[in-house]
Amino acid sequence: MKSFNWKVVHDREHDDDNTSKTTPIYQTSSFSFSDLHDLEVFFEPDNKRYMYSRYGNPNPDQLARKVSELEGAPAGIATSSGMSAILSGVLSAVRPGESLLIPEDVYGGTYDLFQQFFQEWQIDVHTVSFTDLAMVENKITEKTALVYTESVTNPLLRVEQIESVINIAHKYHVPVMVDNTFATPFFAQPYELGADLVVHSATKYIGGHSDVTAGVLVGEERLVDVAKRKAIQLGMNVSPFEAWLTVRGLKTLSVRMEKQSANAKRIADFLNDHPGVSVYYPKYLAKHGNGAMVSFELDERYDIHKFFAELEWVKIVPTLAGVETTVSYPLKTSHRSIPAYMQEKLGITAGLVRMSLGLEDEKDITDELQSALKAAEK
Ligand SMILES: Cc1ncc(COP(=O)(O)O)c(C=O)c1O
């Protein structure tokens, strides 16, 4: 059995006559056939032919296969974004009239999809704090068709008790879907722990270079097959080039995560030494690190506008997981659309900053933070 790092870096599968070292880009909307018999072969079970890129294309398929391997899952699909991967996954398990159980601190875009879109389609969404597992169990009813959670939450970096959530849901034969975007398979492999579906915004660490929008859903074959059909029907396919770029980025996942999480640990320690700064940094995520994100809250001793304005090279961007250190302001971006009472309950405050650590040297980042914090002191 090959190692995780072997699976991360090796991408070329010689299943054709082409011997190029890396996988070519199949930048085509369609594939051709030599005669009607040849066309018929496409519809035979287990055939490896392609017909039309919305149905399948070697580059998205390769991305799906690679992430499935890293997660230890038997099947997967690559889609046009994290949101479309979430949508296809939920639609594979839940039907109108049924309900979903989600933590109250899910990513804002997911919260929006669940609370608005699904409610309009007669799928009930029940929200509860997943820090209270008795409450999670209490909320499961005969209508619950899916329990959905995130391995590490955004932006407060709560580490989900995945195994306990899975045990509770499976006791009632309810499948579990986990968003593993922040942890990545480098730090957590929810499928191996028993999750039925695992989803990624590949826009983040899987791609890793802030140059693609893509998603991946992996998991049980039965559910992924249904999700794939929905993705084809709804046209959620990712383009061959974006899939190729994502696979290219994925090859450095392990080295990026090692360096970026080491930076995150040091920056969390650095911020912890500052009065008036409360730090959110996951503990005990994995033996070899705790992720590459740090969130922190500046209290009334700091002017938050000044802090952002004084950053010289750390850019303010509403995304994360690139090779450069960046910051975001959750209150006005990722969590803008959730109700104010919920923002307050969850701790999405006016002083909250989410930092995505990059590959720079630690000193570059501490120097930058030190001068912005100093300038922001009231
Ligand atoms: C945890 C998480 N899941 C899903 C998404 C949605 O991904 P995308 O923007 O690729 O659709 C995001 C986006 O920020 C995210 O942070």
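All values reported here derive from a predicted model rather than from experimental measurement. (Residues numbered from 1 in each chain as written. Predicted model: local features only at pLDDT ≥ 70, side-chain atom pairs only at ≥ 80, totals over all residues. Heavy atoms only, no water.)

## Section: the sheet that holds strand β9 (residues 293-298)
We count it as follows: By definition, two strands form a pair when at least two bridges between them are found by DSSP. Elements are defined by DSSP. Helices are runs of H or I of four residues or more, strands are runs of E of two residues or more, and each kind is numbered from the N terminus.
In spatial order, the strands read β8-β9-β12-β11-β10; together these 5 strands make up an open sheet with mixed pairing. In this open sheet, the two strands that pair with only one neighbour each are β8 (277-280) and β10 (315-316). Pairing geometry for β8 and β9, over 4 bridges, is antiparallel. Pairing of Ser278 across the sheet is with Glu297, part of β9.

## Describing the site of the ligand
The condition that has to hold: What makes a residue near a molecule or strand is one non-hydrogen atom of that residue sitting within 4 Å of it. Polar contacts, as counted here, are pairs of nitrogen or oxygen atoms within 3.5 Å of one another; within protein the pair requires one atom able to donate a hydrogen and one able to accept it, and residues that are adjacent in sequence qualify only if both atoms are side-chain atoms. Using a 1.4 Å probe, accessible areas were evaluated by the Shrake-Rupley method; residue-level cover was limited to the displayed protein chains. Residues are grouped as follows: Ala, Val, Leu, Ile, Met, Phe, Trp, Tyr, Cys and Pro are nonpolar; Asp, Glu, Lys and Arg are charged; every other residue, Gly included, is polar.
Looking at the ligand, there are 13 residues lining it, with Met83, Asp179, Ser201, Thr203 and Lys204 nearest. Within the backbone of Met83, a nitrogen or oxygen atom sits 2.9 Å from an oxygen atom of the ligand. Contact with the protein chains covers 89% of the free accessible surface of the ligand, which is 390 Å². With 3 residues, the single largest contributor to the shell around the ligand is helix α4 (residues 82-93). Taken together, the residues that form the shell around the ligand break down as 5 nonpolar, 6 polar and 2 charged.

## Overview of the UniProt feature "modified residue: N6-(pyridoxal phosphate)lysine" (unreviewed entry) in the chain
This is how it is decided: UniProt positions are given in the numbering used here, feature names are shortened, and annotations may be inferred rather than shown by experiment. The buried label applies to any residue whose accessible area, calculated with a 1.4 Å probe on protein chains only, is under 20% of its type's maximum; exposed applies above 50%, and partly exposed to all values in between. The contact definition used throughout considers only heavy atoms, calling two residues in contact when any of these lie within 4.5 Å.
According to UniProt, the "modified residue: N6-(pyridoxal phosphate)lysine" (unreviewed entry) feature falls on Lys204. Locating Lys204 in the fold gives a position in the loop between β6 (197-201) and β7 (215-219). The class of Lys204 is buried, set by a relative accessible area of 15%. Among all residues touching Lys204, those that are not within four sequence positions of it are Thr181, Thr319, Leu320 and Ala321.

## Details of the pattern of salt bridges
Condition: A carboxyl oxygen of Asp or Glu within 4 Å of a side-chain nitrogen of Lys or Arg is what we treat as a salt bridge.
This model, assessed by the stated rule, comprises 11 salt bridges. Here Asp38 ties to Arg49 by a salt bridge, and the two come within 2.5 Å at their closest N and O atoms. Here Asp38, found in helix α2 (residues 36-42), pairs with Arg49, found in the loop between α2 and α3 (58-71); they are 11 residues apart in sequence, far enough to count as distant. Owing to a relative accessible area of 16%, Asp38 belongs among the buried residues under this scheme. Among the residues examined, Arg49 registers a relative accessible area of 29% and is labelled partly exposed. The residue Asp269 makes a salt bridge to Lys265 at a minimum N-O spacing of 2.9 Å. Highlighted residues: Asp269 and Lys265, both in helix α11 (residues 253-272), separated by 4 residues, approximately one helical turn. We classify Asp269 as partly exposed; its relative accessible area is 38%. Within the structure, one salt-bridge network assembled from shared partners comprises Asp105, Arg158 and Glu160.

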